[in-house]
Amino acid sequence: MEKTRTETSLLPKRSFAVKVDQYEVRIGTGEKLSVIAGPCVVEEEEMMMTTARTLVDICEKADVGLIFKSSYEKDNRGSEKNWRGPLAIDGLKMLAKIRKEFGIPVLSDIHRQEDVEMSAEYLDVLQIPAYLCQQTSLVLACGNTGRAINVKKGQFLAPENMSSAVSKLHSVGNKNILLTERGACFGYNRLVADMRSIPVMQSLGVPVVFDATHVVRLYGISSADPAGGEPRYVPHLTLAAVAAGADALFLETHPDPMKAKCDAASQLNLKHFESMIQMAVNVRKAIGTPENVGQIKPL
C-alpha cells in the first residue's frame, strides 16, 4: 500500500524592512502583521495630521507595523476635471512633515520617471502603480534609488507574471520589495480577488500585501458617487486575505470618506480602522504564520 504523504506548500524566505530613526517596519517570514494605510490622496494638513496620529495610536496599541500612505498625485483619473492632488512639491513636503512628526515611514505613488529622483528624497517607500507595473524604465529608475519598493500588481496580470517586476528590480540590485494584490479584471468595471495570488506571489521570494480598498472600487462610476464602491466588503476581503497568509495589508482610510477628493466611495472610514485591524490581528493569531496555511497534514 502506498504510504500516506504530507503535501506541503513551502514558501521561500521573504524579507522587507524600512526604518525611520528607531522605528522599523519588518514584513515577511517570521514577522508580525503590518499595514500600509492613509488617505488615498494628500489633502489639507489638519486632516492628514489627524489621520496619521490616529493610525499611529491604533497600530501601536495593536502591535502592528505602520507605513503611512498617501498619493501626492493621482494621475489615473476618470476625467481631466477630477482633482489630481497637490502634485509633487507640496504633496511630498506634507508626507515629509508626517514622517518627521510621527517618526514613521511614508509611501506614495510614482507615475513618471522624471519624478523618481525627487520623490526618493522625501519617501521611504516608492510605490509603482498597478497600471505601470510593467513600465520598465519606471521600475528600473525606482529600483536604482535604493529605496524600498512596493509594486502593485496590474489588474491585467496573472500573479506569476509579477516575476517580471521582481526580476527588473533585482537586476539593479534592489531586493527590498513588496508586491501588492489589488484585484483582477472581471468583466469591464469590476474587480475580483483571487486569494491564490497571495501564495503565488510569495513564491517569488517577496512579501505580499493585500489591498481590499481598491478591489471594492466599481470602475466606470465616479468615486464621488456612493455607488462607485462597496466599502462594506473591505472587512470580508481583508480578513480572507489574512487567513490566506498575506504578509501585510493595504487600507486606504479617511475620517469622512464621502468628502474625500479621490476614491471617496471605496475608502475605509477611519472610525472603523481599529476594529478592522484588531480582527485582522486575531485572524493572524489563528493561523499562526502564513507558512502554516499551505500545510496539508495527513489524516
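Rules behind the numbers
- Residues numbered from 1 in each chain as written.
- Predicted model: local features only at pLDDT ≥ 70, side-chain atom pairs only at ≥ 80, totals over all residues.
- Heavy atoms only, no water.
- Disulfide = S-S within 2.5 Å.
- Buried < 20%, exposed > 50% of the residue type's maximum accessible area, 1.4 Å probe, protein only.
- Core = buried A, V, L, I, M, F, W, Y, C linked by side-chain atoms within 4.5 Å.
- Contact = heavy atoms within 4.5 Å.
- Helix = DSSP H or I, 4+ residues; strand = E, 2+ residues; numbered from the N terminus.
- Arc of directions from axis to C-beta.
- Axes fitted to C-alpha atoms, helices over the stretch in contact; angles between N-to-C directions.
- Parallel < 35°, antiparallel > 145°, perpendicular 65-115°, else oblique.
- Left-handed = near helix turned anticlockwise from the far one by under 90°.

K.L.:
Sorry, what's going on with the state of the cysteines here?
P.N.:
Where two cysteines share a covalent bond between their sulfur atoms, that bond is called a disulfide. In the structure shown here, the tally under the stated rule is zero disulfides. Cys262 supplies the cysteine sulfur nearest to Cys40, a cysteine that is in no disulfide, at a spacing of 3.5 Å. Residue Cys40 is classed as buried on the basis of its relative accessible area, which comes to 1%. Of all cysteine sulfurs in the structure, the one in Cys133 sits closest to Cys142, which takes part in no disulfide; the separation is 12 Å. Relative accessible area serves as the criterion here: at 0%, Cys142 is assigned to the buried category.

K.L.:
I would appreciate a short explanation of the nonpolar core in the present structure.
P.N.:
One finds Val35, Phe68, Ile98, Val151, Phe210 and Phe273 to be the most contacted residues of the largest nonpolar core, which totals 68 residues. When near neighbours in sequence (up to four residues on either side) are disregarded, Val35 contacts Cys59, Val64, Gly65, Leu66, Ile67, Leu249, Leu251, Phe273 and Ile277. If you look at the next biggest cluster of nonpolar residues, it comprises 13 residues, including Phe16, Val18, Ile67 and Ala248.

K.L.:
Which parts of the structure should I look at to understand the side chain of Thr253?
P.N.:
With respect to the element layout, Thr253 can be found in strand β13 (residues 248-254). The buried category is assigned to Thr253, whose relative accessible area is 0%. Leave out the neighbours within four places in its chain, and Thr253 touches Gly38, Pro39, Thr51, Leu55, Gln267, Leu268, Asn269, Leu270 and Phe273.

K.L.:
Where do I start with helix α8 (residues 234-243) in this structure?
P.N.:
The α-helix advances 3.6 residues per turn, and as a result positions three or four apart in sequence lie on the same side. For α8, the set of buried residues is Val234, Leu237, Thr238, Ala241 and Val242. Angularly, the buried residues of α8 cover 135° about the axis, an arc narrow enough to put them on a single face. Packed against the buried residues of α8 are α6 (197-202), β12 (208-211), α7 (212-215), β13, β14 (268-269) and α9 (273-287). Directly after α8, the chain includes Gly245, whose backbone phi takes a positive value near 105°.

K.L.:
Please explain the packing of helix α4 (residues 136-144) against helix α5 (residues 163-171) as it appears in this structure.
P.N.:
In a pair of packed helices, the angle between the axes and the distance between the axes together describe the arrangement. Two numbers describe how α4 lies on α5: the axes approach to 8 Å, and their chain directions differ by 45°. Taken together, the axes of α4 and α5 lie oblique to each other. You can see that α4 and α5 cross each other, and the crossing is right-handed. Facing α4, whose interface residues are Thr136, Val139, Leu140 and Gly143, α5 presents Ala165, Lys168, Leu169 and Ser171.

K.L.:
What should I look at first to understand the packing of α8 against α9 in this one?
P.N.:
Orientation of α8 relative to α9, taken along the N-to-C sense of each, is 25°, at an axis distance of 9 Å. Looking at the two axes, α8 sits roughly parallel to α9. In this structure, the crossing between α8 and α9 has a hand that is right-handed. Residues Val234, Pro235, Thr238, Leu239, Val242 and Ala243 of α8 lie in contact with α9, whose contacting residues are Met276, Met279, Ala280, Val283, Arg284 and Ile287.

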